[in-house]
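This is what each chain is made of:
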Amino acid sequence: MFYREAGQFKTTYSDDMAIFPIRQDRVTLGVLLAFAFIGVPLLSSFHIWPFGQDYLLRAILLPFLILALAAIGVNILVGYCGQISLGSGAFMAIGAYSAYKLGTGVHVPLAWLGFDISIPALPVLPSILLGGLVSAVVGILFGVPSLRIKGLYLAVATLAAQFFFDWVFLRVPWFTNYAPSGSVNAPELNFLGWVVDTPIERYLLCLIFVTVFALMAKNLVRGNIGRQWMAIRDMDIAAELMGIRPLYAKLTAFAVSSFIIGVSGALWAFVYLGSWEPLAFDINRSLQLLFMVIIGGLGSILGPFIGAAFILVLPIMLNLVPSELGVPLSTETITHLEFIIFGSLICYLLIKEPHGFARLISLAKEKLRLWPFPY
């Protein structure tokens with residue numbers, strides 16, 4: 001009885017078009033955001049359990065937020081537009097290395113033309129956003145084949161992008177400023193005079209990015225462009241007959257998706273890793289993001305958060321629970337169990353509930369709205 005909208009009348013168009021039309025959803029979201037922005041920093045400042053140490057912030061919350069942001073980008077392309085992609089790790093790498101080059105200064109020698117191109121080092125915030133923009137441009141280029149191919153063939157084309165950029169960032173020393181080891185260090189995180197150094201500051205920075213981009217993505221998929229993406233996903237020929245331009249719809253999906261993934265890649269490199277090499281964005285990262293979207297829910301903004309939480313929490317639970325029960329497991333056994341659980345769960349969800357855990361939550365909310373009545 002507590003989840004009802006009886007008496008919640010909509011008297012304006014804005015009320016009718018609200019993201020969360022039910023008051024209970026708005027209150028729940030407000031409480032979660034208040035806890036994330038205020039509660040977590042306070043608990044961490046006073047070292048109250050479970051934030052007595054920085055482990056939870058560094059090892060769980062930071063990667064959770066950044067990977068959830070990347071999964072939102074993947075979900076826009078795969079879940080909303082129906083274009084299968086296996087190259088999201090490459091777009092994260094493009095965002096990371098582009099932001100690094102822009103943040104440390106770009107110098108392109110053009111001796112055969114008689115001059116050089118030099119761009120001075122940019123502040124961190126423009127570097128991250130421009131890194132996402134570079135990733136969006138590359139995403140558009142690799143999205144052009146989607147006009148002719150789809151399904152497995154498109155997945156192979158994006159997989160080719162993954163291997164190509166793995167090779168480029170590993171073999172072309174210009175991207176690493178000719179570092180002998182091939183690894184690079186992120187510049188100082190100075191955002192308009194705010195130097196982000198402590199774990200709680202890094203957490204708040206990522207939380208701000210995730211909140212803004214999740215709201216932006218939610219409004220995009222609810223608007224005209226989002227409906228075009230979903231029409232292309234459901235049946236592209238019928239969408240074209242209705243007047244939707246496949247060129248515009250598919251390329252905008254690749255652009256928006258790659259932009260969000262590129263920004264998350266820059267955050268992953270700058271805020272979480274600090275020092276990285278190309279292996280940080282290999283094919284395993286692309287598969288991990290795709291698994292998050294499938295498990296959390298295709299075509300849902302909530303799904304990436306659920307998938308990221310599941311992917312990160314499951315290995316920790318496999319380490320802690322058997323030990324507490326007196327059944328210690330080796331590292332190899334835990335790794336194999338992760339693969340078995342992930343694979344089995346993905347197969348089950350694709351067969352029984354293709355829209356993942358987000359759809360199950362939505363069904364539970366619908367049942368609560370009707371309970372205890374049978375209709």
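The text that follows walks through the structure, step by step, so that each part is easy to find.

Conventions used here
- Residues numbered from 1 in each chain as written.
- Predicted model: local features only at pLDDT ≥ 70, side-chain atom pairs only at ≥ 80, totals over all residues.
- Heavy atoms only, no water.
- Salt bridge = Lys/Arg side-chain N within 4 Å of Asp/Glu carboxyl O.
- Helix = DSSP H or I, 4+ residues; strand = E, 2+ residues; numbered from the N terminus.
- Axes fitted to C-alpha atoms, helices over the stretch in contact; angles between N-to-C directions.
- Parallel < 35°, antiparallel > 145°, perpendicular 65-115°, else oblique.
- Contact = heavy atoms within 4.5 Å.
- Nonpolar A, V, L, I, M, F, W, Y, C, P; charged D, E, K, R; others polar.
- Buried < 20%, exposed > 50% of the residue type's maximum accessible area, 1.4 Å probe, protein only.
- Phe/Tyr/Trp six-rings, centres within 6.5 Å; stacked < 30°, edge-to-face > 60°.
- Lys NZ or Arg CZ within 6 Å of the ring centre and 35° of its normal.
- Patch = residues over 30% accessible without salt bridge, like charges linked within 9 Å, V, L, I, M, F, W, Y side chains within 5 Å.
- Areas by Shrake-Rupley, 256 points an atom, 1.4 Å probe, with all protein chains shown as cover.

1. Re the pattern of salt bridges
Close approach of charged atoms allows side chains of opposite charge to pair.
Thought 1: Applying the stated criterion across every chain yields a total of 4 salt bridges.
Thought 2: We note a salt bridge from D234 to R233, for which the minimum N-O separation is 3.1 Å.
Thought 3: Where E366 meets R369, a salt bridge forms, and the shortest distance between an N and an O atom there is 3.1 Å. Taken together, the positions of E366 and R369, both in helix α14 (residues 356-370) and 3 residues apart, correspond to about one turn of that helix.

2. What to know about the packing of helix α2 (residues 23-45) against helix α7 (residues 199-222)
Thought 1: Following both chains from N to C, one finds α2 and α7 inclined at 175°, their axes separated by 11 Å at the closest point. When the axis of α2 is compared with that of α7, the two are roughly antiparallel. Each of L33, A36, F37, V40, P41 and S44 in α2 lies in contact with α7, whose residues at this interface are I200, Y203, L204, L207, I208 and T211.
Thought 2: By residue class, the composition of the contact of α2 with α7 is 10 nonpolar, 2 polar and no charged.

3. Comments concerning the environment of L287
Thought 1: Of note, L287 is situated in helix α11 (residues 283-296).
Thought 2: Residue L287 is classed as partly exposed on the basis of its relative accessible area, which comes to 29%.

4. So, the packing of aromatic side chains
Thought 1: The tally for this structure, following the rule as stated, stands at 15 aromatic pairs.
Thought 2: Of the aromatic side chains, those joined through ring pairs into one cluster are Y97, Y100, F142, F164, F165, F169, W174, F175, F270 and W276.
Thought 3: We note R245 situated over the ring of Y248; from NZ or CZ to the ring centre the distance is 4.7 Å.

5. Describing the environment of L267
Thought 1: As for its placement among the helices and strands, L267 is situated in helix α10 (residues 246-273).
Thought 2: Through-space distance from the C-alpha of L267 to that of I237 is 38 Å; in sequence the pair is 30 residues apart.
Thought 3: Residues contacting L267, with those up to four places away along its chain left out, are I66, L69, I128, F209 and Y272.

6. Section: a nonpolar patch on the surface
Thought 1: On the surface, F20, L29, L33, F37, I38, L42, F46, I48, W194, I208 and V212 cluster together to form a nonpolar patch covering roughly 950 Å² of accessible area.
Thought 2: Elements with a contribution of two residues or more to the nonpolar patch: α2 and α7.
Thought 3: The leading source of residues in the nonpolar patch is α2, at 5 residues.
Thought 4: Summarising the element assignment, F46 is placed in the loop between α2 and α3 (55-80).
Thought 5: Among the residues examined, F46 registers a relative accessible area of 60% and is labelled exposed.

7. What to know about the packing of α7 against helix α8 (residues 224-234)
Thought 1: Closest axis-to-axis distance for the α7/α8 pair is 4 Å, and the angle between their directions is 70°. Between α7 and α8, the interaxial angle falls into the category roughly perpendicular. Each of L220, V221 and R222 in α7 lies in contact with α8, whose residues at this interface are I225, G226, R227, W229 and M230.
Thought 2: Taken together, the residues of the contact of α7 with α8 sort by class into 5 nonpolar, 1 polar and 2 charged.

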